[in-house]
Amino acid sequence: MAHARPTERWRMAALLPAVGAVIAGCSQSPATSAEPMQTQALIPSSGVGSPSPLPRPAVGVIPAIDSTVGRSMPIEEYLYSTDQLDQVADARDKLTAQCMQRYGLQFTPTSRPQPRQGGQATHRYDVVDPARGYRLPGPAPANPTPPTMAAEEITVLAGNVPGNSKPITTYHGLPVLKDGCLGEADSKLTAQGGSVTDAQLAVGINFDNYQRSMTDGTLQAAFHRWSECMKPRGYSYAAPTDAMGDKRWKGTVTPSPEEIATATADAACRQQTNVVGTWFTVESAYEDQAIEANLGKLDQVRRGIAAVVRNAATVNGGGVL
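Predicted, not measured: the structure shown is a model, and the values here were computed from it. (Residues numbered from 1 in each chain as written. Predicted model: local features only at pLDDT ≥ 70, side-chain atom pairs only at ≥ 80, totals over all residues. Heavy atoms only, no water.)

Student: Break down the packing of helix α3 (residues 82-102) against helix α11 (residues 295-316) for me, citing the residues and quoting the values.
Tutor: Relative placement of two packed helices is described by the angle separating their axes and the distance separating the axes. Relative orientation of the contacting elements α3 and α11 amounts to 55°, with a least axis distance of 8 Å. Between α3 and α11, the angle falls in the class oblique. Like other packed secondary-structure pairs, α3 and α11 cross with a definite hand, here left-handed. Of the residues in α11, those touching α3 at Gln-84, Gln-87, Val-88, Asp-90, Ala-91, Lys-94 and Leu-95 are Ile-305, Val-308, Val-309, Ala-312, Val-315 and Asn-316. For the contact of α3 with α11, the class distribution of residues is eight nonpolar, three polar and two charged. (Axes fitted to C-alpha atoms, helices over the stretch in contact; angles between N-to-C directions. Helix = DSSP H or I, 4+ residues; strand = E, 2+ residues; numbered from the N terminus. Parallel < 35°, antiparallel > 145°, perpendicular 65-115°, else oblique. Left-handed = near helix turned anticlockwise from the far one by under 90°. Contact = heavy atoms within 4.5 Å. Nonpolar A, V, L, I, M, F, W, Y, C, P; charged D, E, K, R; others polar.)

Here is the structure:
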């Protein structure tokens with residue numbers, strides 16, 4: 001049930017190579033399963049030995065809210081917004097197409113997934129719509145059908161990727177770029193710094209402090225109140241995440257009456273015990289602490305985002321990098 005954890009797969013998917021499906025579908029190398037993202041340590045090193053652990057942060061005044069729509073997580077200042085992701089992805093496609101044209105090839109990007117509306121905080125802790133159970137609204141995105149490309153064309157596009165059974169160094173008399181036209185596009189967009197994807201440090205803070213907040217005493221007390229609220233309704237869960245992750249909800253296209261009933265009781269108890277307000281405030285305190293501990297590096301991340309977005313605006317406006 002992804003909407004209650006900061007997985008944000010749409011965020012990374014929006015900036016994955018637009019021809020990722022092409023490479024996977026046309027490459028001669030065997031397909032491999034996706035590796036889980038490794039998050040960068042967010043606690044600064046003391047300079048000797050292992051990183052120094054941060055103490056639990058103080059939690060401020062907790063507002064009574066049942067939704068975080070319109071609110072932001074502190075780390076969002078150092079992550080691409082949805083609009084910025086679209087701008088960068090559009091510019092990346094244009095630069096890649098220009099590069100491919102030099103080789104006499106046409107570049108047709110596969111469709112990108114429709115991003116979720118709102119920021120990191122939107123529906124991070126609440127039940128989106130109890131009438132849908134624990135399902136996210138909207139239809140599941142269709143898998144794009146990759147265009148057919150010859151192995152040589154894929155190499156021009158992405159470079160001689162590992163497992164390529166037909167490595168080449170030239171195509172139609174032009175040298176093949178080390179990282180292909182995709183690499184050239186990325187290099188142009190990041191010429192003044194930054195990255196075309198979210199910085200690993202910011203992603204790590206987003207993920208890791210969700211986990212740290214789960215162990216906080218203030219939030220654990222809210223979970224206990226929620227659990228006690230659920231018991232008279234016939235449910236025995238220790239935390240909202242247990243209700244959302246119940247294995248009975250998996251493997252079906254539509255929610256069962258039991259799932260809908262559980263989500264309805266869950267939403268009512270979250271509101272009654274102020275789980276959303278507590279969780280948002282607690283996790284925000286943890287993020288603020290981690291941001292302060294990494295402020296120098298995160299300032300560089302923010303400047304990098306601004307530089308990439310400026311370059312993307314130039315490309316999208318018809319300019320040349």
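Student: Kindly report on the environment of Glu-76, identifying the contributing residues and their values.
Tutor: Inspection of the secondary structure assignment puts Glu-76 in the loop between α2 (20-26) and α3. Spatially, the C-alpha atom of Glu-76 lies 8.5 Å from that of Asn-206, the residues being 130 residues apart in sequence. Residues in contact with Glu-76, not counting those within four places in the same chain, are Arg-71, Gly-119, Gln-120 and Ala-121. Of the polar contacts made by the side chain of Glu-76, one reaches the backbone nitrogen of Gln-120; its length is 3.2 Å. (Polar contact = N/O pair within 3.5 Å; in protein donor to acceptor, adjacent residues only side chain to side chain.)

Student: Give me the lowdown on the environment of Gln-84, citing residues and values where you can.
Tutor: Assignment of secondary structure puts Gln-84 in helix α3. Note on Gln-84: relative accessible area 23%, which makes it partly exposed. The spacing of Gln-84 and Ala-313 is 229 residues in sequence and 9.6 Å in space, taken between C-alpha atoms. Within the structure, Gln-84 has its side chain in polar contact with the backbone nitrogen of Ser-81 (distance 3.0 Å). (Buried < 20%, exposed > 50% of the residue type's maximum accessible area, 1.4 Å probe, protein only.)

Student: Now, about helix α7 (residues 217-230): what can you tell me, with residues and values included?
Tutor: Between the first and last C-alpha of α7 there are 20 Å, a value that for 14 residues agrees with the 20 Å anticipated at 1.5 Å per step. Those residues of α7 that fall on the buried side of the exposure criterion are Leu-219, Ala-222, Phe-223, Trp-226, Ser-227, Cys-229 and Met-230. The buried residues of α7 occupy an angular sector of 155° when projected down its axis, which confines them to one face. The secondary structure elements touched by the buried residues of α7 are α6 (200-214), α8 (240-244), α9 (257-273) and α10 (275-293). Regarding α7, its N-cap is Asp-216, as a side-chain oxygen of that residue lies 2.8 Å from the backbone nitrogen of Thr-218 further along. (Expected span 1.5 Å × (residues − 1). Arc of directions from axis to C-beta.)

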